[in-house]
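Spelled out, the chains give:
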Amino acid sequence: MSIIDEYVKAQKLDEVIYFLAERMQRQAKTYSRKVLREHGYRITIDQWLVLKKISEEPGISQVDIAQTTFKDPAAVTRILDILVREAWVERRTGAEDRRVFEIYLSKSGAQLVEGILPLIYDIREKGMKGLTKRELETMKAGLKKMYDNLLG
């Protein structure tokens, strides 16, 4: 049996790579939510991901946010509605296509991102504690390769 067969045919859930990745992701969200609340931030992890994406790509469309954050388009619309209501983001009519909104952080949204980033870095550091650079690079490469394999 090859090494891959050993992992493909794993019998126990706690030996299945996909299950381990999902379990880690859920724990990361739970822990992140706890840390953010302890510091007075009433924001969900999904809202954070959308804010962070907008901070990286000012003027991004809702469709692109959904695609690049792997969120359902309807969920992104709901998240953006909340972020607009909180005055953290602005929807602007597209310069090239008036049917498409461009999304930007407001001043308070940019301040929110800057305030949360140090906490996110601490969360990431805690999760990666004890891992070597080589382990992290191998894990990253492996997850990317698995993702690409499943694209179809």
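Rules used throughout
Residues numbered from 1 in each chain as written. Predicted model: local features only at pLDDT ≥ 70, side-chain atom pairs only at ≥ 80, totals over all residues. Heavy atoms only, no water. Axes fitted to C-alpha atoms, helices over the stretch in contact; angles between N-to-C directions. Helix = DSSP H or I, 4+ residues; strand = E, 2+ residues; numbered from the N terminus. Left-handed = near helix turned anticlockwise from the far one by under 90°. Contact = heavy atoms within 4.5 Å. Nonpolar A, V, L, I, M, F, W, Y, C, P; charged D, E, K, R; others polar. Core = buried A, V, L, I, M, F, W, Y, C linked by side-chain atoms within 4.5 Å. Buried < 20%, exposed > 50% of the residue type's maximum accessible area, 1.4 Å probe, protein only. Pairing = 2+ DSSP bridges.

Participant: Sorry, what's going on with the packing of helix α4 (residues 62-69) against helix α5 (residues 73-85) here?
Facilitator: For any two helices packed against each other, the geometry comes down to the angle between their axes and how far apart the axes lie. Relative orientation of the contacting elements α4 and α5 amounts to 115°, with a least axis distance of 9 Å. The hand of the α4/α5 crossing is right-handed. Taken together, the residues of α5 that come into contact with α4 (itself represented by Gln62, Ile65 and Ala66) are Pro73, Val76, Thr77 and Leu80. Taken together, the residues of the contact of α4 with α5 break down into five nonpolar, two polar and no charged.

Participant: Mind showing me how you'd approach the nonpolar core here?
Facilitator: Burial of nonpolar side chains together is a common tendency in soluble globular proteins. Core analysis: the largest hydrophobic core is formed by 26 residues, its most contacted members being Ile43, Leu51, Ile54, Ile65, Leu80, Leu83 and Val89. Residue assignment for this core shows that the elements contributing at least two residues are α2 (17-38), α3 (45-56), α4, α5, β3 (101-105) and α6 (107-128). In terms of residue count, α6 provides more of this core than any other element does, seven residues in total. Dropping the residues within four chain positions of it, Ile43 is found in contact with Leu36, Trp48, Leu51, Trp88, Leu112 and Ile116.

Participant: Just to check I follow, could you spell out the sheet that holds strand β2 (residues 89-93) for this structure?
Facilitator: Here three strands make up an open sheet; going across it, the order is β1-β3-β2 and the pairing antiparallel. One side of each edge strand has no neighbouring strand; the edge strands of this open sheet are β1 (60-61) and β2. Of the strands in this sheet, β2 and β3 touch α5, which is tilted by about 110° from β2.

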